[in-house]
Amino acid sequence: MLHTFDCNVSEKDLKFVCFYKQSLGYMIETVASLILGKPTISEKFKDSRFAVTTEGSHYKLTISNVSEKDEATYLCHTGTTYSQKFINGTFLAVK
């Protein structure tokens with residue numbers, strides 16, 4: 001099973017985009033970040049199952065071979081040094 005989280009942002013003054021994972025009962029974790037357009041997957045998620053892609057102002061976090069341990073809320077956060085906001089959040093339920 002493959003799942004993709006989309007994050008569409010305005011390009012004006014964009015400095016970063018971050019994807020976060022919030023598992024029930026656990027602290028939020030950074031899955032990936034794109035700072036000045038350079039994607040980085042966090043160490044804990046550095047396996048071939050997680051990937052970040054960009055197309056203009058459209059950012060995607062893709063998880064392949066989704067399993068129960070991936071069940072969580074995934075958030076997209078973007079901004080500049082002085083203005084930051086969450087764009088969206090999606091709960092991934094795994095049966």
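As a convention, each chain's residues are numbered from 1 in the sequence order in which they are written. Reporting of local features is limited, given that this is a predicted model, to residues whose pLDDT is at least 70; pairs of side-chain atoms are given and counted only at 80 or more, and all residues count toward the totals for whole chains, interfaces and linings. Where side-chain values are given, they derive from all heavy atoms of the structure, hydrogens and water being excluded.

**Notes on the pairing of strand β7 (residues 72–79)**
The classification of residues rests on relative accessible area computed with a 1.4 Å probe and restricted to protein chains. Under 20% of the type maximum is buried, over 50% is exposed, and intermediate values are partly exposed. The helix and strand labels rest on DSSP assignments: H or I over at least four residues marks a helix, E over at least two residues marks a strand, and numbering proceeds from the N terminus. β7 sits mainly inside the fold: seven of its eight residues count as buried. As defined by bridge partners, strand β2 (residues 16–22) adjoins β7 across seven bridges and the pair is classed as antiparallel. Opposite glutamine 22, over in β7, you have threonine 73 as the bridge partner. Two strands are counted as paired when DSSP detects at least two bridges linking them. Examined bridge by bridge, β7 and strand β8 (residues 84–92) share eight bridges and lie antiparallel to one another. Note on β8: the bridge partner recorded for glycine 79 is glutamine 84.

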